Amino acid sequence: MSNESFLSLMKKGNKSSFFAMVGNGILAIAKGAAFFISGSGAMFASAMHSLADAVNQGFVFIGSVLSEKKPTEKFPTGFGRVINLFCMIAVIVVSVMAYETIREGFHLLKHPAEVKGIWVNVLVLLLNIIIDGTILFKVMKEIGQEARAESRGAGIVTGAFKHVKRAAPPTRLVFYEDLVAVSGAILAMIAVLVSYFSSYQLLDGIVTIMIGILMVGVAFRVGYDNMVGLIGVAAPKEVEERIAAAIFEHEAVIDIFKMRITQEGRYYHVESYLELKRGMPLSEADDVKFAIQDKLIADPDIADVTLGIIEDDGVQEWKGTYAPKNP
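Note that residues are indexed from 1 along each chain, following the sequence as it is written. For a predicted model such as this one, the threshold for reporting local features is a pLDDT of at least 70, and the threshold for listing and counting side-chain atom pairs is 80 or more; totals across whole chains, interfaces and linings nevertheless cover every residue. To obtain the side-chain values, all non-hydrogen atoms of the structure were used and water was disregarded.

Enquirer: For this particular structure, what's the right way to read helix 8 (residues 202-231)?
Expert: Helical geometry: 3.6 residues make up each α-helical turn, so side chains three or four residues apart lie on a common side. Secondary structure elements are defined from DSSP: runs of H or I of at least 4 residues count as helices, runs of E of at least 2 residues count as strands, and each element is numbered from the N terminus. Every helix has an expected span of 1.5 Å times one less than the residues it contains. The terminal C-alpha atoms of helix 8, which comprises 30 residues, lie 44 Å apart, in line with the 44 Å expected from a rise of 1.5 Å per residue. Following helix 8 by one or two positions, Gly232 has its phi on the positive side, about 115°.

Enquirer: I keep staring at the environment of Glu238 and nothing clicks. Help me out?
Expert: With respect to the helices and strands, Glu238 occurs in helix 9 (residues 237-248). When accessible area is computed with a 1.4 Å probe and restricted to protein chains, residues below 20% of their type maximum are described as buried, those above 50% as exposed, and intermediate ones as partly exposed. Glu238 gets classed as partly exposed once you look at its relative accessible area, which sits at 42%. Residues Glu238 and Arg166, 72 residues apart in the sequence, show an inter-C-alpha distance of 8.9 Å.

Enquirer: Which parts of the structure should I look at to understand helix 6 (residues 154-163)?
Expert: For helix 6, the set of buried residues is Ile156, Gly159, Ala160 and His163. The buried side chains of helix 6 occupy one side of the element, clustering within an arc of 105° when seen end-on. Of the residues in helix 6, the exposed ones pointing more than 90 degrees away from the buried face are Ala154, Thr158 and Lys162. Directions from the helix axis toward the C-beta atoms define the arc.

Enquirer: I tried to follow the nonpolar core on my own but got confused; where do I start?
Expert: Most often, soluble globular proteins have nonpolar side chains that are buried together. Nonpolar cores are built from buried Ala, Val, Leu, Ile, Met, Phe, Trp, Tyr and Cys residues. Side-chain atoms within 4.5 Å join them into one set. In this structure, Leu125, Ile143, Phe175 and Met215 are the most contacted members of the largest nonpolar core, which totals 50 residues. Put simply, the parts of the chain that give this core at least two residues each are helix 2 (15-38), helix 3 (41-66), helix 4 (82-110), helix 5 (118-146), helix 6, helix 7 (169-197) and helix 8. The leading source of residues in this core is helix 7, at 11 residues. Apart from the residues within four sequence positions on either side, Ile143 is in contact with Ala160, His163, Val164, Ala167, Thr171 and Phe175. Val239, Ile261, Ala285 and Leu307 belong to the second-largest nonpolar core, a separate cluster that totals 24 residues. The contact definition used throughout considers only heavy atoms, calling two residues in contact when any of these lie within 4.5 Å.

Enquirer: Explain the side chain of Asp301 here, please?
Expert: Here Asp301 is to be found in the loop between helix 10 (282-297) and strand 4 (302-311). Not counting chain neighbours up to four residues away, the residues in contact with Asp301 comprise Glu146, Arg148, Arg242, Arg266, Tyr267 and Tyr268.

Enquirer: Before we go on, may I ask you to explain the sheet that holds strand 3 (residues 267-276) in this structure?
Expert: For sheets, the rule is that strands pair by backbone hydrogen bonds, running either parallel or antiparallel. Two strands are counted as paired when DSSP detects at least two bridges linking them. Here we have four strands laid out as an open sheet, ordered 1-2-3-4, and mixed in their pairing. Of all the strands in the sheet, just strand 1 (233-234) and strand 4 have a single pairing partner and so form its edges. Pairing between strand 2 (residues 253-264) and strand 3: 10 bridges, direction antiparallel. Its bridge partner being in strand 3, Val253 is matched across the sheet by Leu276. All axes are obtained by fitting lines to C-alpha atoms, using only the stretch in contact for helices, and the reported angles, taken between N-to-C directions, cover 0 to 180 degrees. The strands touched by helix 9 are strand 2, strand 3 and strand 4; relative to strand 2, the strand with the most contacts, the crossing angle is about 145°.

Enquirer: Explain the pairing of strand 4 here, please?
Expert: A regular strand places its side chains on the two faces of the sheet in alternate fashion. In this structure, strand 3 lies alongside strand 4, joined through nine bridges in parallel fashion. Bridging from a neighbouring strand, Tyr268 pairs with Ile302 of strand 4. Every crossover in which the path from the first strand over the helix to the second runs clockwise, viewed with the strands pointing away from the viewer, is termed right-handed. Considered for its hand, the β-α-β crossover made up of strand 3, helix 10 and strand 4 is right-handed.

Below, the structure written as structure tokens:
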């Protein structure tokens, strides 16, 4: 059994989800107070969304901590999929909050509320945009780091949308939720200002429903990603190519006969059969296998490596970018 302390595991937990949990907890309290002062339905919807985010990201952070536990005799493949389970719990929370938000929106369409305390609402929503915007930008940078495709400037934003599928489950969840949080805060501010400075009161209810629908979208997106993760999903093509390139760097490897890479949480499990030079003694072939295993397992994203070795059969099996070396 592992002797890891909970404190050491806490340090390995997903930092984006932790900061998002704290930030959204502060925002939920501030928005709740603003809703009681102003009666704004959009503010209520935004408060519900921040509360849902805080609870979700708390679940996700705990899940990311537990998923870092090392394999045991009873669980030899580790605990990587625990994070997917916790993310599914978060999806349920988002779905319930989305339902309540949409219901409140329809109520406001029938019975518009008089918006009071305009500047309280505006200040809270500005705080919302600053906090969630900062967290969102940090998550975008983290996506680049996890996908090993770091960029600068505007490339951080475009790269995050491009590579989000290669990020760890908790990072993806925080990205989607904070994307909706920033969008929802902007929509809520528009609704508050229009409702206060004009006689058009229906926008408050419309925006409340829109925020609820965005939350439903997050629930479906995150739910699908983590359902696939619980079943077991193949690693992205880019990861497969990166691992193949590392294998072919060894001069004794002629071809990859077969390779399977599965993703659990943010870690990958590699299984492969390698074709080595003909006539190579078994002792040398074993040295090659262990050298490649050590090289791959040194990658922080790879949890375990299982390799088999066979003699080159003269038929090219690997069809990836990196062509096999000639014998």
